Amino acid sequence: MIAVPPPHGIEARALNLWYGDFQALRDVSLRVRPQLITALIGPSGCGKTTLLRCFNRINERYGSVRTTGAVEVLGQDVYAPEVSLVELRKAVGMVFQRPNPLPISVYENVVFGLRVHEERGRLTRAVLDEAVESALHEVGLWSELKDQLQTRATSLQLDQQQKLCIARLLPLKPSVILMDEPCSALDTAGTRAIEELMFVLKQRFTIVIVTHNMSQARRVSDECVFMLLGEVVEHTRTEQLFLTPQDARTADYVEGRYG
Amino acid sequence: MNAPLPRPIVFRRPWYSVALERAIEALIMVCGISAVILVGGIFFFVFREAFPILASPNFGLGEFLFSIEWYPTSVRDVRYGVLAMIVGTLAVTTLAMAIAVPFGIGGAIYLSEFCTPKLRETLKVVIELLAAIPSVVWGFIGLTVVNDLLITLFDAAVGLNVLNAALLLALMSLPIIVSIGEDALKAVPDSYREAGVALGATRWQMVYRVLLPAARNGLLAAVLLGVGRAVGETMAVLMATGHAVQIPTGLLEPVRTLTANIASEMGEVSQGSEHYRVLFTIGVLLFGITFLVNLAADLAVRGRRR
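What this report covers is the structure whose coordinates are included nearby. (Residues numbered from 1 in each chain as written. Chains lettered and ligands numbered in written order. Predicted model: local features only at pLDDT ≥ 70, side-chain atom pairs only at ≥ 80, totals over all residues. Heavy atoms only, no water.)

1. Digging into the overall build of chain A
Move 1: Across its full length, chain A carries 10 helices and 10 strands.
Move 2: Considering only C-alpha atoms, chain A reaches an extent of 55 × 45 × 40 Å along its principal axes.
Move 3: For chain A, buried positions account for 54% of its 259 residues.
Move 4: For chain A, the computed accessible surface area is about 11,700 Å², with 49% contributed by carbon and sulfur atoms.
Move 5: One finds the centroid of the 29 positive side-chain charges in chain A at a distance of 3 Å from the centroid of its 31 negative side-chain charges. (Helix = DSSP H or I, 4+ residues; strand = E, 2+ residues; numbered from the N terminus. Buried < 20%, exposed > 50% of the residue type's maximum accessible area, 1.4 Å probe, protein only. Areas by Shrake-Rupley, 256 points an atom, 1.4 Å probe, with all protein chains shown as cover. Lys, Arg positive; Asp, Glu negative; His and termini not counted. Charge placed at Lys NZ, Arg CZ, Asp CG, Glu CD.)

What follows is the structure in structure tokens.
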């Protein structure tokens, strides 16, 4: 079999979503290209977080969510009945708005995914140590934390916590990383650190980031999706969206006339 | 016409309003420290009744704690040894916890994580009902239902024994463990659950790897409150243990607990007598045991937090 690289990291087709009676997404169609950072922007309540949370189906934690249409990740329909959410979420990692490391040690946070997904017999001490070291290296935490791997992760500084939340995705070798306003709880230095990390990671992952902060979208993303009232208004290269928006609503938003 | 002059703004409040505020603060402080005063007071009065026994020639602390000979009404040779009752209390409590903790924590996990909201409400009402059954009624159940059951199932000579009392105590402490445990699990921030789910944990993995570590202290508190309930329970164990002063060699042996001993003999002693004071000394001992349980809990909770 020849491995054909999938044309799109994520593709949504005619996606509609209701929370009870409220329709949060309206006929969303979207292609997210791999190895790029795509930003979802728009005013509060426009459905950008909802859309993000469709990609790993974590929306379904709340009852009364109804979805129609299709979402494909790496060419596979994630809403197909035979899809295992456990496997889907192994491939599609997520970073949340508030850093949410688990109240266990730094070490156990990083290997959490392995412990959940791999057979116990394969997880020798050496395998786990190696996973922790390489994941923490990758997010730039190793030198800071190598002597305090056993401290409780919830006692770290916020930006360290957020980096740790990214690091714990890496041992699972995901294809997609979803980020839901990952810097909104951080100060400027923390924000810069996370953004620099995103540049490093984008060579290997498809990254989708939801952000409230338009300058952040402009700094970090390659492509930008502008959403309004549950619809995708415009999706194009970031500089184009900010400099020569095609839609009047986009233009008004990026110029700050509403939001 | 001149407009009325605006009233000058004064940075003062009337004296009664200030006084009321002070009074409320004082009242709240009294409420806050009342627990300390009460515990101190109770300890003082129990101890005062017990203390004179130390001077008695018939009483030795070593004999009290380490002898199984309990003959408080003997005319020739009174002996006050409560070791058998200490062992009885520990045996009944330990067995009760061995039954109640797995069920209680399991029930708490089911209520908080697995069942539908509608079912949860129903179950909680029923569990609260379980907590509302008076202990003497549990005693009746021990005397009749559990008694017959143990005789039929295990061919026991008497159905009133360690196992009977432990079953009752397990059922009595179950509601406490379930409801406090459920509160502890509910108090785990949802962001932890979300983190676990987003990393692909199954429901059970999330309970085991996320919730149990996160709610550990609260669950420990639930268990220890259950232990406290079991150690202190009197009426049901009085009716269900068989009330024989002996060190049990098996689960189907009758025993006597410290609490049941006090309750059954207190009505027959003359106030101020030696026997009376020994019963109060047993009260001090019970106090000591529960104090140690609470201290252990506190240390465990602190130690783990570090």
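So much for the structure itself; the text now carries on.
2. Structural notes on helix α6 (residues 162-186) of chain B
Move 1: Counted at 1.5 Å a residue, the expected span for α6 of chain B with its 25 residues is 36 Å, and the 35 Å between its end C-alpha atoms agrees.
Move 2: Burial analysis of α6 of chain B places 18 of its 25 residues in the buried class, which makes it a mostly covered element. (Expected span 1.5 Å × (residues − 1).)

3. Notes on the interface of chain A and chain B
Move 1: Listed by partner, the interface residues are 25 residues for chain A and 20 residues for chain B.
Move 2: The contact between chain A and chain B buries some 1,900 Å² in all, and 62% of this surface belongs to carbon and sulfur atoms.
Move 3: When the buried surface of chain A facing chain B is broken down by residue, Arg61, Phe112 and Val116 of chain A rank first, second and third, together holding 28% of it.
Move 4: Between the two partners, chain A and chain B, sit three salt bridges.
Move 5: For the salt bridge of Glu194 of chain B with Arg61 of chain A, the shortest nitrogen-to-oxygen distance reads 3.5 Å.
Move 6: Our enumeration of links across chain A and chain B arrives at seven residue pairs in polar contact (both at pLDDT 80 or more).
Move 7: Secondary structure elements with two or more residues in the side of chain A that touches chain B: α2 (85-91), β6 (92-95) and α3 (106-117) of chain A.
Move 8: For the side of chain A that touches chain B, the leading source of residues is α3 of chain A, giving four residues.
Move 9: Grouping the constituent residues of the side of chain A that touches chain B by class yields 14 nonpolar, four polar and seven charged. (Contact = heavy atoms within 4.5 Å. Buried area = accessible area lost by both parts, 1.4 Å probe. Salt bridge = Lys/Arg side-chain N within 4 Å of Asp/Glu carboxyl O. Polar contact = N/O pair within 3.5 Å; in protein donor to acceptor, adjacent residues only side chain to side chain. Nonpolar A, V, L, I, M, F, W, Y, C, P; charged D, E, K, R; others polar.)

4. Some details on the pattern of salt bridges
Move 1: In the structure shown here, the tally under the stated rule is 26 salt bridges over all chains.
Move 2: Note that Glu223 of chain A and Arg33 of chain A form a salt bridge whose closest N and O atoms lie 2.8 Å from each other. On the criterion of sequence distance, the pair formed by Glu223 of chain A in strand β9 (residues 223-228) and Arg33 of chain A in the loop between β2 (22-32) and β3 (37-41) is long-range, its members being 190 residues apart.
Move 3: Note on Glu223 of chain A: relative accessible area 6%, which makes it buried.
Move 4: The class for Arg33 of chain A is partly exposed, based on a relative accessible area of 39%.
Move 5: In this structure, Glu265 of chain B and Arg256 of chain B form a salt bridge, with 3.1 Å as the shortest nitrogen-oxygen distance.
Move 6: Among the ionic contacts, a cluster of salt bridges with common partners joins Arg53 and Arg61 of chain A together with Glu113, Asp190, Arg193 and Glu194 of chain B.

5. Details of the sheet that holds strand β10 (residues 231-237) of chain A
All names here are of chain A.
Move 1: Here six strands make up an open sheet; going across it, the order is β6-β7-β8-β3-β9-β10 and the pairing mixed. The outermost strands of the open sheet, each flanked by one partner alone, are β6 and β10. Ignoring strand direction, the axes of neighbouring strands in this sheet form an average angle of 20°.
Move 2: Relative to β10, β9 runs antiparallel, the two sharing six bridges. Residue pairing in the sheet places Val225 in a bridge with His235 of β10. (Pairing = 2+ DSSP bridges. Axes fitted to C-alpha atoms, helices over the stretch in contact; angles between N-to-C directions.)

6. Here we look at the packing of helix α6 (residues 158-167) of chain A against helix α7 (residues 188-201) of chain A
Residue and element names in this part refer to chain A.
Move 1: It is the contact of α6 with α7, at a shortest axis distance of 9 Å, that shows an interaxial angle of 20°. Between α6 and α7, the interaxial angle falls into the category roughly parallel. Classified by chirality, the crossing of α7 by α6 is right-handed. Every residue of α7 that contacts α6 at Asp159, Gln162, Lys163 and Ile166 is listed here: Gly190, Ala193, Ile194, Leu197 and Leu201.
Move 2: Tallied by class, the residues present in the contact of α6 with α7 amount to five nonpolar, two polar and two charged. (Parallel < 35°, antiparallel > 145°, perpendicular 65-115°, else oblique. Left-handed = near helix turned anticlockwise from the far one by under 90°.)

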